[in-house]
Amino acid sequence: MSDRHHPHDDHGHGHSHHYEHSRGHAHPHPHSHSPAPLRHRLRHVLTPHSHETADKLDSALESSARGMRALWVSLAVLGTTALVQALVVVGSGSVALLGDTVHNAADALTAVPLGIAFVLGRRAATRRFTYGYGRAEDLAGLVIVLTIAASAVFAAWAAVERLVDPRPVQHLPAVAAAALIGFAGNEWVARYRIRVGRAIGSAALVADGLHARTDGFTSLAVLLGAGGAALGWQSADPVVGLAITAAIALVLRDAAREVFRRMMDSVDPDLVDRVERALRQVPGVHAVGELRLRWIGHRLRAEVAVVVDGEATLRQAHAVAVDAEHALLHTVPRLTAALVHADPAGTPGLSDPHLALAHHASP
């Protein structure tokens, strides 16, 4: 039995609760939580508990605001880094540093599609886009992957051209200094993006952070190229440029895999196990049936069938379903909506309640 209609449902129709797990609760509960600092747990206990629509909106806006702030800060840091490196490229003629500079500039500009995605993600669901606009983040991740691929092609082209037409690199100390600046800027941005991306559940932002981290190591490769050139190895600079291309290809593979998984509704199997364990602990749940989890932007949705007592009244079954949803909201980080369907336990002599749907089942 599907039992999800409530007077406080934010659309007033359908059978799904659209809840945002608020940042605090006034009641203790036995549900499993990830380890958190003491001050967060105290705030969780002392702040009033609410699942109202306003709290859902506030939390969604907060996560999007954090993402936007991370993007603007990253854009400023990487943009400054790329500008300093570009000035050194003009005076030195280093193709290794050119490749690093172009990649840093491209990395800074990925803030644009991600920023657009975060802004779209704030828009409310409509009758056409009934799940909202969270998927814009997945499209932004695809744009980022294409940007990484384009920077890899450009870096490879510049390095090969310099191998064919060798030219000495000028101002090696400045090249070395620019390489160190590139490493420092990228590593700082990588740590910041990954931390915020994981905090708000944005795969695109995490992928962008991993991208920046690899850029930092490619900057160190430029430093090695400058050292080789100082020792008289004329091909050191373009060879390092090719090595940078290989490094970009590696991060491209990882980022593409992460974005592909998200677009294909992939979730961590451990999360599925965690949800099933939480549901089995809910009083009145005899078993867990079909379970589906999906990311929409940096927020999760769940659809699950639970088996309840076949002799339970509609209100009793509904109460079990509400308890099950409540347990999920406490157990699953960034879960904002759950659709819980209550199935009656089998009774000898009675036919399967889903028999009328059997001919619609997929082969």
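Refer to the structure printed above.
Nothing here was measured: the structure is a model prediction, and the numbers come from that model. (Residues numbered from 1 in each chain as written. Predicted model: local features only at pLDDT ≥ 70, side-chain atom pairs only at ≥ 80, totals over all residues. Heavy atoms only, no water.)

**Description of unusual backbone geometry**
Step number 1: Despite not being glycine, aspartate 265 shows a phi value in the positive range, around 60 degrees.
Step number 2: By secondary structure assignment, the location of aspartate 265 is in the loop between helix H8 (236-263) and helix H9 (269-280).
Step number 3: Even without glycine at this site, arginine 334 takes up a positive phi of about 65 degrees.
Step number 4: On the basis of relative accessible area, arginine 334 is assigned to the partly exposed category, the value being 30%. (Helix = DSSP H or I, 4+ residues; strand = E, 2+ residues; numbered from the N terminus. Buried < 20%, exposed > 50% of the residue type's maximum accessible area, 1.4 Å probe, protein only.)

**Some remarks on the pairing of strand E4 (residues 335-344)**
Within a regular beta strand, the side chains point alternately toward one face of the sheet and then the other, so they alternate between its two faces.
Step number 1: Counting buried positions along E4 yields 7 of 10 residues, so the element is predominantly enclosed.
Step number 2: Bridge analysis of strand E3 (residues 299-308) against E4 gives 9 bridges, and the strand direction is parallel. Paired with valine 308 across the bridge in E4 is proline 344.
Step number 3: With respect to chirality, the unit in which E3 leads through helix H10 (residues 314-331) into the neighbouring parallel E4 is right-handed. (Pairing = 2+ DSSP bridges. Right-handed = clockwise from strand over helix to strand, strands pointing away.)

**So, the side chain of glutamine 85**
Step number 1: One can find glutamine 85 in helix H2 (residues 53-92).
Step number 2: Classification of glutamine 85 by relative accessible area gives buried; the value is 0%.

**Regarding the packing of helix H3 (residues 95-109) against helix H5 (residues 136-164)**
Step number 1: Where H3 meets H5, the axes come as close as 9 Å, and the angle between the chain directions of the two elements is 170 degrees. By the angle class used here, H3 and H5 are roughly antiparallel. In terms of crossing hand, the pair formed by H3 and H5 is right-handed. Between H3 and H5, the residues in contact are Val95, Leu98, Gly99, Val102, His103 and Ala106 and Thr147, Ile148, Ser151, Phe154, Ala155, Ala158, Ala159 and Arg162, respectively.
Step number 2: A class-by-class count of the residues in the contact of H3 with H5 yields 9 nonpolar, 4 polar and 1 charged. (Axes fitted to C-alpha atoms, helices over the stretch in contact; angles between N-to-C directions. Parallel < 35°, antiparallel > 145°, perpendicular 65-115°, else oblique. Left-handed = near helix turned anticlockwise from the far one by under 90°. Contact = heavy atoms within 4.5 Å. Nonpolar A, V, L, I, M, F, W, Y, C, P; charged D, E, K, R; others polar.)

**Things to note about the pairing of strand E2 (residues 287-296)**
Step number 1: One ladder, built from 8 bridges, connects E2 with E3; its direction is antiparallel. From the neighbouring strand, alanine 287 faces E3, where its bridge partner is valine 307.
Step number 2: Where E2 folds back onto E3 in an antiparallel hairpin, the turn is made up of 2 residues, including glycine 297, whose phi is positive at roughly 70 degrees.

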